[in-house]
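# An overview of the molecular structure
Read off the chains here:
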Amino acid sequence: MINRNLAALRRRFGFTLIELLVVLLILGLLAGLVGPRVLKNLGGAKTDTAQLQIEEFGAGLDLFHLEVGRYPTTEEGLQALSDEPAAVSNWQGPYLRKTEIPKDPWGNEYHYLAPGEHSDYDLYSLGRDNAVGGEGEDQDVVSW
């Protein structure tokens, strides 16, 4: 009778080692199947975010060009979209919603050249690796 009550108490208050191992095995299998897909989509989301930010900068640069008559120089950079550059007339900015120029999704500065090699201006992020070229999340995100 005492052994039966003790066995009943054990079943009521805990899990057996086998039950815990089965649950851990199932969680491990789920993480192995789902984890890589989630991480793949996360990388693509950062690239998409960089492309959207570049497009937003492009709209601001076009407004700057319409009002000032030129694009900001390389030296003035993207900061000219939020702070009036020296010796510029007709500046009606800021041309971005945020006063601070954001970094790319990987924490690096955007690269801006005016005049650009591909168009009036070149605006780009070098991706996760912050180096020219690459594939996947390391690929360059460009305005041209």
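Notes on the structure follow. Not measured: the values here are computed from a predicted model.

How each quantity is defined
- Residues numbered from 1 in each chain as written.
- Predicted model: local features only at pLDDT ≥ 70, side-chain atom pairs only at ≥ 80, totals over all residues.
- Heavy atoms only, no water.
- Salt bridge = Lys/Arg side-chain N within 4 Å of Asp/Glu carboxyl O.
- Buried < 20%, exposed > 50% of the residue type's maximum accessible area, 1.4 Å probe, protein only.
- Helix = DSSP H or I, 4+ residues; strand = E, 2+ residues; numbered from the N terminus.
- Core = buried A, V, L, I, M, F, W, Y, C linked by side-chain atoms within 4.5 Å.
- Contact = heavy atoms within 4.5 Å.
- Pairing = 2+ DSSP bridges.

### Structural notes on the pattern of salt bridges
This structure, assessed with the given rule, holds four salt bridges. For lysine 103, the salt bridge identified is with glutamate 109, shortest N-O distance 3.6 Å. Lysine 103 gets classed as partly exposed once you look at its relative accessible area, which sits at 44%. Residue classification places glutamate 109 among the partly exposed residues on the basis of a relative accessible area of 48%. Among the salt bridges present, the one from arginine 128 reaches aspartate 138, with a minimum N-O distance of 2.9 Å. Placement of arginine 128 in the loop between β2 (122–125) and β3 (141–142) and of aspartate 138 in the loop between β2 and β3 is noted, with a sequence separation of 10 residues between them. One salt-bridge network, held together by shared partners, links Arg128, Glu137 and Asp138.

### Some remarks on the nonpolar core
Burial of nonpolar side chains together is a common tendency in soluble globular proteins. Counting residues in hydrophobic clusters, the biggest one holds 22 residues, and the most contacted among them are Phe57, Leu61, Leu78, Leu81, Tyr112 and Leu123. If you tally residues by element for this core, the top one is helix α2 (residues 17–68), at six residues. If we ignore the near neighbours within four places in the chain, the residues touching leucine 61 are Tyr71, Pro72, Leu78, Leu81, Tyr112, Tyr121 and Leu123.

### Some details on the sheet that holds β3
Reading across from one edge, β1-β2-β3 is the order of the three strands in this open sheet, with antiparallel pairing throughout. In this open sheet, the two edge strands, each paired with only one partner strand, are β1 (111–113) and β3. Of the strand pairs in this sheet, β1 and β2 are connected by three bridges, and their pairing is antiparallel. Bridge pairing in β2 links leucine 113 to aspartate 122.

### A word on the pairing of β2
Of the two faces of β2, the one carrying Asp122 and Tyr124 and the one carrying Leu123 and Ser125 are both buried. For β2 and β3, the ladder comprises two bridges, and the chain directions are antiparallel. Residue pairing across strands places serine 125 opposite valine 141, the latter belonging to β3.

### Let's talk about unusual backbone geometry
Residue proline 94 is reached from glycine 93 by a cis peptide bond, and omega for that bond is 10°. With respect to the element layout, proline 94 can be found in the loop between α2 and β1. At the junction of alanine 114 and proline 115, the peptide bond is cis and its omega measures out at 0° in the coordinates. As for its placement among the helices and strands, proline 115 is situated in the loop between β1 and β2. Positive phi values are uncommon outside glycine, yet alanine 87 reaches one of about 60°.

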